[in-house]
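Report on the structure
Letter by letter, the chains look like this.
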Amino acid sequence: MPRAGLTPERVAEAAADLADAVGLENVTISALARSFGVADASLYSHVKNIRDLRERVAFRAASDFADRITAAVAGRAGRDALIAFANAYRDFALAHPGRYAATHIEIDPELAAQSSGGARIIAATYAVFHAYGLAEPDLTDAVRLLRSTFHGYVSLEAIGAFRDPREVQASWDRGVNALATLLENWPSAAAD
């Protein structure tokens, strides 16, 4: 019989918190069970295995990430929306490193379709780009460029890789503004 008070949602939230504290790769059934003061077997009433647990963390993280991004860009357009999106992205990644890592794990597409978080992130991302008037394949190219730029920046920042005395925030702001200028002047794929 499942231990009173434990639910799949509560287990996933605790695992997400643990991931933020110790890293997603260090989240185990045993570590999570210890945090609840229960035996490992007690958690198997709520999750199938470590893969299932990490997928639940990924779904929760995607929902949290989507909430942050959609709130940031609501009512904004163009450069203002891009800056708000970028800052929400960076803030989430730095404040919730385990959850952020979980948003990058590979999940079966059929299973991923059952979660709205990922779809809301995609919708918010494409909404930001709407003001730039990009059509395919330019739209996909631009989204990939910004996602990889933001991911690379926050990943390097998280490990302390920026050691130059210039403030990291100043470089971030300048870079985001440069990306906005690039989007405003995006070269059409038809010109290639």
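To start, this report covers the structure provided alongside it. A quick note: this is a predicted structure, and the numbers were derived from the prediction, not measured.

Thresholds, definitions, all that
Residues numbered from 1 in each chain as written. Predicted model: local features only at pLDDT ≥ 70, side-chain atom pairs only at ≥ 80, totals over all residues. Heavy atoms only, no water. Core = buried A, V, L, I, M, F, W, Y, C linked by side-chain atoms within 4.5 Å. Buried < 20%, exposed > 50% of the residue type's maximum accessible area, 1.4 Å probe, protein only. Contact = heavy atoms within 4.5 Å. Phe/Tyr/Trp six-rings, centres within 6.5 Å; stacked < 30°, edge-to-face > 60°. Helix = DSSP H or I, 4+ residues; strand = E, 2+ residues; numbered from the N terminus.

What follows covers the nonpolar core. By size, the foremost hydrophobic cluster in this structure holds 35 residues, and its most contacted members are Leu82, Phe129, Leu134, Phe150 and Leu183. Dropping the residues within four chain positions of it, Leu82 is found in contact with Val128, Tyr132, Leu146, Phe150, Val176, Leu179, Ala180 and Leu183. Counting residues in each nonpolar core, the second largest holds 22 residues, with Ala19, Val27, Leu53 and Val57 among its members.

Using the criterion set out here, one finds ten aromatic pairs in the structure. Ring geometry for Phe65 and Phe92: centres 4.5 Å apart, planes at 15 degrees, overall stacked. You can see Phe65 sitting in helix H4 (residues 50-73) and its partner Phe92 sitting in helix H5 (residues 78-95), a full 27 residues away along the chain. Judged on exposure class, the residue Phe65 and its partner Phe92 are both buried. Ring plane angle 40 degrees and centroid distance 4.8 Å describe the contact between Tyr153 and Phe162, whose orientation is recorded as tilted. Residue classification places Tyr153 among the buried positions, given a relative accessible area of 16%. Taking the relative accessible area as the measure of exposure, Phe162 reaches 32% and is therefore partly exposed. Joined through ring pairs, the aromatic side chains of Phe65, Phe85, Tyr89, Phe92, Tyr100, Phe150, Tyr153, Phe162 and Trp172 make up one cluster.

Geometric descriptors of this kind do not, in isolation, establish any biological role.
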